[in-house]
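The primary structure of each chain is shown beneath.
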Amino acid sequence: MIKCKDAVSRLWAYLDRNIERIQEAELEEHLGLCRHCCGELEFAKQLRGKLRSPDSAYQPTSDVRARLETFLKDVGGGRRRKR
Amino acid sequence: MSETAVRAPTEFEDVVGPHLQYLYALAVHLCGHQTIAEDLVQDALLRAFRGFPHLRNRERPRLWLTRVLTCCLCDRFRAEHEADEMLRLDSEAGPDLFDRITEEDPFPYSDRVHLDFLDLFDDARVIEVFQRLHPAHRTALILAYVYGYKAREIADITGKSVGTVLARLFRGRKQLERELWDYAQSTGLITQKEATA
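Enquirer: Tell me about the overall build of chain B, and please be specific about residues and values.
Expert: Along chain B, the regular secondary structure elements total 14 helices and zero strands. Ordered by position in the sequence, the α and β elements of chain B form the string α-α-α-α-α-α-α-α-α-α-α-α-α-α. The buried share among the 197 residues of chain B stands at 37%. For chain B, contacts bridging at least 24 residues in sequence account for 66% of all contacts bridging at least 6.

Enquirer: Describe helix H3 (residues 35–51) of chain A, listing the residues and the values that go with them.
Expert: Taking 1.5 Å as the rise per residue, H3 of chain A with 17 residues should run 24 Å; its terminal C-alpha atoms sit 25 Å apart, in good agreement. Within the sequence span of H3 of chain A, burial applies to Cys37, Glu40, Leu41, Phe43, Ala44 and Leu47 of chain A. For H3 of chain A, the angular spread of the buried residues around the axis is 165°, confining them to a single face. Residues Arg35 and Gly49 of chain A are exposed on H3 of chain A and point more than 90 degrees away from its buried face. In this structure, the buried residues of H3 of chain A make contact with helix H1 (4–16) and helix H2 (21–31) of chain A together with helix H8 (97–104) and helix H9 (113–119) of chain B.

Enquirer: Break down the environment of tryptophan 12 of chain A for me, with residues and values.
Expert: Turning to its location among the elements, tryptophan 12 of chain A is positioned in helix H1. For tryptophan 12 of chain A, a count of 22 C-beta atoms within 10 Å translates into the label buried. When the C-alpha atoms of tryptophan 12 of chain A and alanine 44 of chain A are compared, they prove to be 6.8 Å apart, with 32 residues separating the residues in sequence. Those residues in contact with tryptophan 12 of chain A that lie beyond four places of it in its chain are Ala44 of chain A together with Arg173 of chain B.

Enquirer: If you had to explain the confidence of the model for chain B to someone new, which residues and values would you point to?
Expert: For chain B, mean pLDDT is 86; residues scoring 70 or higher make up 86% of the total. What the predictor reports for the complex is a pTM of 0.84 with an ipTM of 0.81.

Enquirer: Explain the environment of proline 9 of chain B to me, using residue names and the numbers behind them.
Expert: With respect to the helices, strands and loops of the structure, proline 9 of chain B is situated in the loop between helix H1 (3–6) and helix H2 (11–16). Aside from chain neighbours lying at most four places away, what touches proline 9 of chain B is Gly76 of chain A together with Asp14 of chain B.

Enquirer: Give a detailed account of the interface of chain B and chain A, specifying residues and quantitative values.
Expert: As a measure of interface size, the accessible area lost when the parts come together is often cited. The interface is formed by 35 residues belonging to chain B together with 30 residues belonging to chain A. Counting residues per element, the ones that place at least two in the side of chain B that touches chain A are H2, helix H3 (20–31), helix H4 (34–51), H9, helix H10 (123–130), helix H11 (135–146) and helix H13 (162–186) of chain B. Class assignment of the residues belonging to the side of chain B that touches chain A gives a composition of 22 nonpolar, seven polar and six charged.

Enquirer: An account of the nonpolar core is needed here, citing residue identities and associated values.
Expert: Counting residues in hydrophobic clusters, the biggest one holds 67 residues, and the most contacted among them are Leu23, Tyr24, Ala27, Val41, Ala44, Leu45 and Leu69 of chain B. Taken domain by domain, the makeup of this core includes at least three residues from each of domain 1 (3–76) and domain 2 (89–196) of chain B. Excluding residues within four positions of it along the chain, tyrosine 24 of chain B makes contact with Pro60, Val64 and Leu68 of chain A together with Ala37 and Val41 of chain B.

Enquirer: Outline the domain arrangement of chain B, listing residues and values.
Expert: Residue and element names in this part refer to chain B. According to the domain assignment, chain B contains domain 1 (3–76) and domain 2 (89–196). Computed from C-alpha coordinates alone, the two centres of domain 1 and domain 2 are separated by 29 Å. Facing the seven residues of domain 1 at the interface are 11 residues of domain 2. Counting residues per element, the ones that place at least two in the side of domain 1 that touches domain 2 are H3 and helix H5 (62–76).

Enquirer: I'd love a proper account of the packing of H4 of chain B against H5 of chain B, names of residues and values included.
Expert: Helix packing geometry: the angle between the two helix axes and the distance between the axes. All names here are of chain B. Between H4 and H5, the shortest axis-to-axis distance is 9 Å and the interhelical angle comes to 120°. Classed by the angle they form, the pair H4 and H5 counts as oblique. Between H4 and H5 the crossing geometry is right-handed. Of the residues in H5, those in contact with Leu40, Asp43, Ala44, Arg47, Ala48 and Gly51 of H4 are Leu65, Val68, Leu69, Cys71, Cys72, Leu73 and Arg76. A per-class count over the contact of H4 with H5 returns nine nonpolar, one polar and three charged.

Enquirer: Account for the environment of arginine 178 of chain B, with residues named and values stated.
Expert: Within the element layout of this structure, arginine 178 of chain B appears in helix H13. The sequence separation of arginine 178 of chain B and proline 95 of chain B amounts to 83 residues, and the corresponding C-alpha distance is 8.9 Å.

Enquirer: Explain the packing of H3 of chain B against H4 of chain B to me, using residue names and the numbers behind them.
Expert: All names here are of chain B. Their axes nearest at 8 Å, the elements H3 and H4 cross at an angle of 125°. One finds that H3 runs oblique with respect to H4. Note that H3 runs across H4; the crossing there is right-handed. Residue-level contacts link Leu23, Tyr24, Ala27, Val28 and Cys31 of H3 to Gln34, Ile36, Ala37, Leu40, Val41 and Ala44 of H4. Tallied by class, the residues present in the contact of H3 with H4 amount to 10 nonpolar, one polar and no charged.

The rules behind each value
Residues numbered from 1 in each chain as written. Chains lettered and ligands numbered in written order. Predicted model: local features only at pLDDT ≥ 70, side-chain atom pairs only at ≥ 80, totals over all residues. Helix = DSSP H or I, 4+ residues; strand = E, 2+ residues; numbered from the N terminus. Buried ≥ 20, exposed ≤ 12 C-beta atoms within 10 Å, placed from the backbone. Contact = placed C-beta atoms within 7 Å. Expected span 1.5 Å × (residues − 1). Arc of directions from axis to C-beta. pLDDT = per-residue confidence, 0-100. Nonpolar A, V, L, I, M, F, W, Y, C, P; charged D, E, K, R; others polar. Core = buried A, V, L, I, M, F, W, Y, C linked by C-beta atoms within 7 Å. Domains from an automatic or database assignment. Axes fitted to C-alpha atoms, helices over the stretch in contact; angles between N-to-C directions. Parallel < 35°, antiparallel > 145°, perpendicular 65-115°, else oblique. Left-handed = near helix turned anticlockwise from the far one by under 90°.

Listed below in C-alpha cells is the structure:
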C-alpha cells in the first residue's frame, strides 16, 4: 500500500479527476484504511470549495459597466481608442 | 445623439457584449485591482477585435476571450510572470497546511480546528492571499478552482503544455497553503503566541 506522503500528494489531483486510474485505485485503497488521510482529503475538499468565491463579489459597478459597454461599442464600431 | 447610440450593434458587440461582466470579474481575480482590471478588459477588447475575423466558434467565445484576457495580463506583467517559478522550491518542501494546523493547534479549545482555520478566510481575504502567489500559479489556480476549467483548457488558454499546467497547479497549491498560514499570522487572525504554542 502507498504511504501517507504519496497519498497526500495525490489528493488534489484526485479531487480534480486529473489522476491515472492505477494511482486512483492505490489512493482509494489507502483512504479506506487511513483516518489521517481521510481528514486531509476532507480538508482539501473544503479548501478547494473556499476558492470558488462568487462572481458577485467582483461584478463591475454601474459606472464601470457603462464605461466598458461604451468602449465595446467604440471598438466594435471601428473607433479604436483607449480612454 | 452620438453615432454609437443610434447604429445597430456589430456582430463583434453581439458576441462579446454578454461576456463583459465575466471578463471584468476574471480580470479582478487575476490582477487583484479594480482599476487595472478595467484597463485589462479594454486591452482585451481591442485585441479581441483584431482577432475576431479568425474566430471560428462564435456561439461559444468564452474560452477564446479568456485566452485573450490572459495574454493581455501576461503582456502587462511580463517581467513578473517570467520571474523564476522555481525560486520557492525549498519552502515547498515544508509541512502541508493540514499537518501544520494539527501541530500548531491555533484553536486549542476547538474540536474542528482545521475548519475553524478555513473559516477565517472570507472572499476578500482569499483574493488577498491569491495576490501573494506567483502570477503563473495564481492564473492556473483561479482558472481551475474559481472558474472550473480543466487542465487541458487551461493549457489552451495559457499556451502551455498540460504537464506545465499540472505542475503549476501543484506548486500553486503548495504556495497557497503556505501563504494562507502566513497571512493568518501576519494579519493577527491567529496570534503568534497561539501559532507557536
